[in-house]
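Residue-level structure breakdown
Here is what each chain is made of, one letter per residue.
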Amino acid sequence: MSNDVFVITEHMDGKFSDVSFELVGKAKELAKAWGGQAVAVVVGSGIASNVFASDSTIHIDDAALSHFNPEAYGKVVEALVKERSPRLVMFGWTVTGMDMAAWLSARLGVACAAYVKNIGADLTMSCAAYGGKLTAEVAPEGGMAIAACLAGSFPVEAGQGSTAAVTMASPVDLNSLKMKFVEATKPAGGDVDITSQTKLVSIGRGIGGKENMELAEELAQKLGAVVSASRPVVDAGWLPRTRQVGKSGLKVKPKLYLMLGISGAPEHLEGMQSAELIIAVNTDKKAPIFNVAHYGATADLFEVAEAMVELL
Amino acid sequence: MNIVVAIKHIPSIADDLPVKGNNVDFDSVDFVLNEWDEHSIEQAVLIKEAVGGTVTVIGVDLIGELDNALHLALAKGADKVAKITADDPAADSHTQAKWLAEAVKGMGADMVFAGVQASNDIDGQIGAMIAAYLDMPYIGGTSAIEVSGSAATVSKEFPGGVGMKYSITLPFVAGVQSAPKPPRYAPVSKVRQMAQTATVEKIAPTGEASSGLAFKKMAPPVATGHAEMIEGSSKEVAAKIVELLKSKGLA
């Protein structure tokens, strides 16, 4: 095993996601402490990969890797990790990283931590467990380890640079895959763009049902705001996917983010913690959102919303 | 079409989560079905309704209380249910995934579904690991799965409403983010009926795996900040929020 830290970067439409830079920055810090190298791993085709401040960048380029394919990307990363044997492999706890991190852990029989928000030089990892209500500090028991890290945990700037990438062919055969990319679908147009709004009234599962959406809409209208939501509301079909804030939704940065019935799971925080003014109303006084919001109230969201509508 | 849904019984995050030693005090918490599992059950039942087949729901019974979740699954349209009798509330995702994979091996599954994640996946999600243990491809974050012959068309969600479609030759494992329709409601009377009539197959845990993690500490997060709390009745809270917004030119 080397003392290197591998970062499995991620990209879409030719652009790397912020989390990739965040992880490269953290990898540099850890690799320096261990006397190893921070290695950015780029899997994909048709992307300029000389953008990281890594000690080195490996770019596995093959036409079959043009679009994210969990099977193909997983096999490539597995082969590379087996061959190079880094001390730590970092993924984002994202829609792509989640397809590979735990899978790779089980394939290789190495330790894996998820929901990681910090990593110490002794490899102790802090994980936002149980919807962010508890922090688990865990340490891998020897050998290589895998860390799936929450976006927004480390600064982006530390990972930005221009290290020249070494391009390599795929280390595995990609001609007999069971999984084939078919097409990308863009969100249906016609709805408001929540990322361009200055005020959002954002609702969580506490809203209880579709029949209660009217109250949220009324409050939003009075405030000149638009209604957005956390994932459970969208998964339940109460609002369209275009209104979802968070990891699998959109990142927003409004002047006002008024949260009704949202507990503040790590996936949601990723999408809104840069809002200028965050006000949270939740019945659970221990809801993690109160560690992030600027103002909070332990109260019934319906009573508060109704009273606000009357006052506005 | 033979679909197996692997579910996870997890401590409820709706309540307080007391800590004992370096982990959750499992004796003091309620266990509930992982919320994403409701979507994976729904996805499986929708496929069965479209092309026929059998849906088997299986989970690790950590505290001897999984039957409720299994009866609910039957009431929603599952055909068979099974539990791995573990009596180990601290069993990590690797351990559960290994037990589930060993149990699923003999079931001839065309597809295995699991919830895309669970709030206690400190060592990763069971779906991805079941796939690794069964040597099947894995795709997570799915929002629709349609089967035609020996392949499925799977929609995977990406941030910002972007989706990608994949064609996958069976068998494979999917981590379900959401079913194409919201999970159906099962009347209490039907769940009760299942509780009285259904057979839950019991399976002894076999196989060993480990997260490879030592738990050093479990505690509420160290807050770097805390919201300034607005006290009072709901009406008073509303008035103070409105006043605050007006003072900042936001109302």
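Report follows, based on the coordinates. Not measured: the values here are computed from a predicted model.

1. Remarks on the pairing of strand β1 (residues 2-7) of chain B
Residue and element names in this part refer to chain B. Counting buried positions over the six residues of β1 gives six, a clear majority of the element. Side-chain alternation along β1 places N2, V4 and A6 on one buried face and I3, V5 and I7 on a second face that is also buried. Pairing analysis gives six bridges linking β1 to strand β6 (residues 54-61), with the strands arranged parallel. By the bridge assignment, V4 is partnered in β6 with T56. As judged from the four bridges shared by β1 and strand β8 (residues 111-115), these two strands associate in the parallel manner. When the bridges of β8 are listed, V4 appears paired with V112.

2. Observations regarding the pattern of salt bridges
In total, this model carries 26 salt bridges over all chains according to the counting rule given. Taking the shortest distance from any N to any O, the salt bridge between B:E35 and A:R231 comes out at 2.8 Å. You can see B:E35 sitting in helix α1 (residues 35-51) and its partner A:R231 sitting in helix α5 (residues 231-235), one on each of two chains. The class of B:E35 is partly exposed, set by a relative accessible area of 26%. The exposure class of A:R231 is buried, given its relative accessible area of 13%.

3. Quick word on the sheet that holds strand β11 (residues 163-169) of chain B
In spatial order, the strands read β12(A)-β11(B)-β10(B)-β9(B)-β12(B)-β8(B)-β1(B)-β6(B)-β7(B)-β13(B); together these 10 strands make up an open sheet with mixed pairing. Sheet topology places β12 (179-185) of chain A together with β13 (200-203) of chain B at the edges, where each strand pairs with a single neighbour. Averaged over all adjacent pairs, the angle separating strand axes in this sheet is 30°, with direction ignored.

4. Re the nonpolar core
Of all hydrophobic cores here, the largest spans 153 residues; its most connected members are A:L88, A:M90, A:I119, B:V57, B:I58, B:F113 and B:F172. Those residues in contact with B:V57 that lie beyond four places of it in its chain are B:V5, B:I7, B:I41, B:L70, B:A73, B:A78, B:K80, B:V81 and B:A82. Within the second largest apolar cluster, 38 residues are counted, among which are A:I207, A:L215, A:V233 and B:L250.

5. Topic: the packing of helix α2 (residues 67-75) of chain B against helix α5 (residues 188-197) of chain B
All names here are of chain B. Between α2 and α5, the shortest axis-to-axis distance is 8 Å and the interhelical angle comes to 115°. Judged on the interaxial angle alone, α5 and α2 are roughly perpendicular. Considering the relative orientation of α2 and α5, their crossing is right-handed. Each of H71, L72, L74 and A75 in α2 lies in contact with α5, whose residues at this interface are K190, V191, M194 and A195.

6. Points about the interface of chain B and chain A
The interface is formed by 83 residues belonging to chain B together with 85 residues belonging to chain A. With both sides pooled, the region where chain B packs onto chain A buries about 7200 Å², and carbon together with sulfur makes up 62% of that total. Where chain B touches chain A, the interface holds eight salt bridges. A salt bridge links A:R107 to B:D135, with the shortest nitrogen-to-oxygen separation between them at 3.0 Å. At the boundary of chain B with chain A, the tally comes to 37 residue pairs in polar contact (both at pLDDT 80 or more). Looking at the side of chain B that touches chain A, the elements that each hand over two or more residues are α1, α4 (126-134), β9 (138-148), β10 (151-157), β11, β14 (213-219), β15 (228-229) and α6 (234-247) of chain B. With 10 residues, the single largest contributor to the side of chain B that touches chain A is α6(B). Two elements, β12(A) and β11(B), share six bridges in a ladder whose sense is antiparallel. Note on β11(B): the bridge partner recorded for A:M179 is B:I168.

So, how was this worked out
- Residues numbered from 1 in each chain as written.
- Chains lettered and ligands numbered in written order.
- Predicted model: local features only at pLDDT ≥ 70, side-chain atom pairs only at ≥ 80, totals over all residues.
- Heavy atoms only, no water.
- Buried < 20%, exposed > 50% of the residue type's maximum accessible area, 1.4 Å probe, protein only.
- Helix = DSSP H or I, 4+ residues; strand = E, 2+ residues; numbered from the N terminus.
- Pairing = 2+ DSSP bridges.
- Salt bridge = Lys/Arg side-chain N within 4 Å of Asp/Glu carboxyl O.
- Axes fitted to C-alpha atoms, helices over the stretch in contact; angles between N-to-C directions.
- Core = buried A, V, L, I, M, F, W, Y, C linked by side-chain atoms within 4.5 Å.
- Contact = heavy atoms within 4.5 Å.
- Parallel < 35°, antiparallel > 145°, perpendicular 65-115°, else oblique.
- Left-handed = near helix turned anticlockwise from the far one by under 90°.
- Buried area = accessible area lost by both parts, 1.4 Å probe.
- Polar contact = N/O pair within 3.5 Å; in protein donor to acceptor, adjacent residues only side chain to side chain.

Geometry only, nothing functional implied.
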